[in-house]
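This is what each chain is made of:
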Amino acid sequence: MAGPGSTSCGDAAYPVSIVGLRCCIKGKRDMIEIQTVGSVDVSVAVPGSKSLTQRALIAAALAEGESTLHGPLVSEDTEYSSAALRQVGVTIDHEESWRVQGNAGRIAPCAEPIFLGNNGTATRFLTSVLSLGNSRFVLDGDKRMAERPIEPLMTALQGWGVDVSSMHDTGCPPLVINSTGLAGGMTVLPEGKSSQYLSSLLLVAPYAREVAELRVEGEVFSKPYITMTLDVMSRFGIHVEYSSDYKYFKIPRGIYRGQDYSVEGDASSASYFWAAAAVTGGRVRVENVSVSSLQGDVKLVPLLGRMGCGLSIEGGGITLASTGMLEGISVDMADMPDVVPTLAVVAAFAEGKTHIQNIGHLRIKECDRLHAVVTELTRMGAEVEEHSDSMVIHGKGGRDLHGATIETYDDHRMAMSMAVAGLKVPGVEISGEGCVAKSFPDFWQRFALLK
Ligand SMILES: O=C(O)C1=C[C@@H](OP(=O)(O)O)[C@@H](O)[C@H](O)C1
Ligand SMILES: C=C(OP(=O)(O)O)C(=O)O
């Protein structure tokens, strides 16, 4: 699927203005040159949450009756999820709201492979959903997805009697699932570096033949995503028993009930706008993300507060204001991996050291995001240290930064976070800018409102 950036500039002569951005094609690559701005002062709305849209879509597909999802994220990833569910017999109408006719847990056979691109969330969730069927399924993804592990999830599903294997014995997709439904009972999720395994198991567990129980080994990463899963499940009528450390779960048998579900704005997408206020010494209000959100990435706002920004809550949104005077912090970001690139970029404009810890799981995202952030900030002149599961940014108030052509590694979050640096530093070009389509197709148009 072409990103809107590439759609809008694909046929155009160089350079073309998309409001404050210059979009061009250099050689064969899509590229956006970010124009610097003064202190930004805007109010923006962001698209619906990717995580909540995909959870609600799965619950609605497995539900008895019709569901309507209001304000869903319309993007490459949610198109992949919808298409996959349609392949197994779910009717989903994408109008302004999405109408989903639930099949009460019945999964139709599908002879064709189900392809999910580099959508980690959907790949992990669909593995369990397909296990509910009574057929052979092949679940595939793109080149990068074939490097993103899924072994712990397969092991836990095998504990519930599922015949699932990695086609090339890599512990990664493509997968083959010979499904006959879930037996249920107790299973163990071995240690892994993604919460998506656990969310995936929880979402389908009510459909097991016996009451399902789940024990989790090792550290639980990205915990707020588990909270979001439990919340969506309860809104669709299934209430899970669990220990507060998220190491034990008991899931009652049951069937989700069709719901009217409103998707809130995506906190990870909002992060680039708050970061824009932070680095330009300006003010940005994100209208549709609230402080009471269960999305863990909303906690970026208090972190920016610790770096010297002010925040206020107005009419349900969150406003972040900055004088541009920022200081480095030390922070554990195990629970908010998707906004690590955003915080790292802000840290490059702060005075002093920012130490971001417990982020080894960034290495299995759309790219090795830990290495990519370090490489691209270094390319701009920043002094950054890479460690196995942490990074240290030696901020010099942005005085060490210069323009550069940024590689994005087909990772939407690399493109969007590094674009923030270009608001302040002349000559920042973002290559492969169409990758934002994964989670935020009109990112460049909304980013251009930052003036
Ligand atoms: O469950 C989810 O919706 C997600 C969980 C997180 O992944 P990990 O649990 O693998 O860190 C996050 O990075 C991803 O963007 C979305
Ligand atoms: C890691 C991400 O997504 P996924 O794991 O769903 O591919 C992301 O959106 O940053």
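Predicted model only: the values in this text are computed from it and were never measured.

A. Broad picture of the sheet that holds strand E6 (residues 91-94). On the basis of which strands lie adjacent, the open sheet formed by 4 strands has the order E6-E7-E5-E16 and mixed pairing. The open sheet terminates on both sides in strands that have one partner only, identified here as E6 and strand E16 (260-262). Sheet twist, expressed as the mean angle between neighbouring strand axes with direction ignored, is 15°. Here strand E5 (residues 64-70) pairs with E16 via 3 bridges, running parallel. Residue pairing in the sheet places Thr68 in a bridge with Asp260 of E16.

B. Quick look at the pairing of E6. Of the strand pairs in this sheet, E6 and strand E7 (residues 98-103) are connected by 4 bridges, and their pairing is antiparallel. In the sheet register, Ile92 faces E7, and the bridge partner there is Val100. What sits between the antiparallel neighbours E6 and E7 is a turn of 3 residues.

C. Structural view of the confidence of the model for the protein. Averaged over every residue, the pLDDT of the protein is 94; residues scoring 70 or more account for 94%. Long-range and interchain partners of residues 1-20, a stretch whose pLDDT sits below 50, account for 39 contacts in this model, where long-range means more than four residues apart. Counted against residues more than four places away or in other chains, residues 24-28, with its pLDDT under 50, gives 11 contacts.

D. View of the UniProt feature "binding site: phosphoenolpyruvate" (unreviewed entry) in the protein. The feature "binding site: phosphoenolpyruvate" (unreviewed entry), as annotated in UniProt, sits at Lys50, Gly120, Arg148, Gln196, Arg369, Arg413 and Lys438 in this numbering. The annotated residues named above include Lys50, Gly120, Arg148, Gln196, Arg369, Arg413 and Lys438 as those lining the largest cavity. Residue placement: Gly120 occurs in helix H4 (residues 120-131). What makes Gly120 buried here is its relative accessible area of 2%.

Scoring rules and cut-offs
- Residues numbered from 1 in each chain as written.
- Chains lettered and ligands numbered in written order.
- Predicted model: local features only at pLDDT ≥ 70, side-chain atom pairs only at ≥ 80, totals over all residues.
- Heavy atoms only, no water.
- Pairing = 2+ DSSP bridges.
- Helix = DSSP H or I, 4+ residues; strand = E, 2+ residues; numbered from the N terminus.
- Axes fitted to C-alpha atoms, helices over the stretch in contact; angles between N-to-C directions.
- pLDDT = per-residue confidence, 0-100.
- Contact = heavy atoms within 4.5 Å.
- UniProt positions renumbered as here; feature names shortened; annotations may be inferred.
- 1 Å grid on protein atoms, 1.4 Å probe; cavity = no way out; pocket = protein on both sides within 12 Å on 5 of 7 lines; lining within 4 Å.
- Buried < 20%, exposed > 50% of the residue type's maximum accessible area, 1.4 Å probe, protein only.

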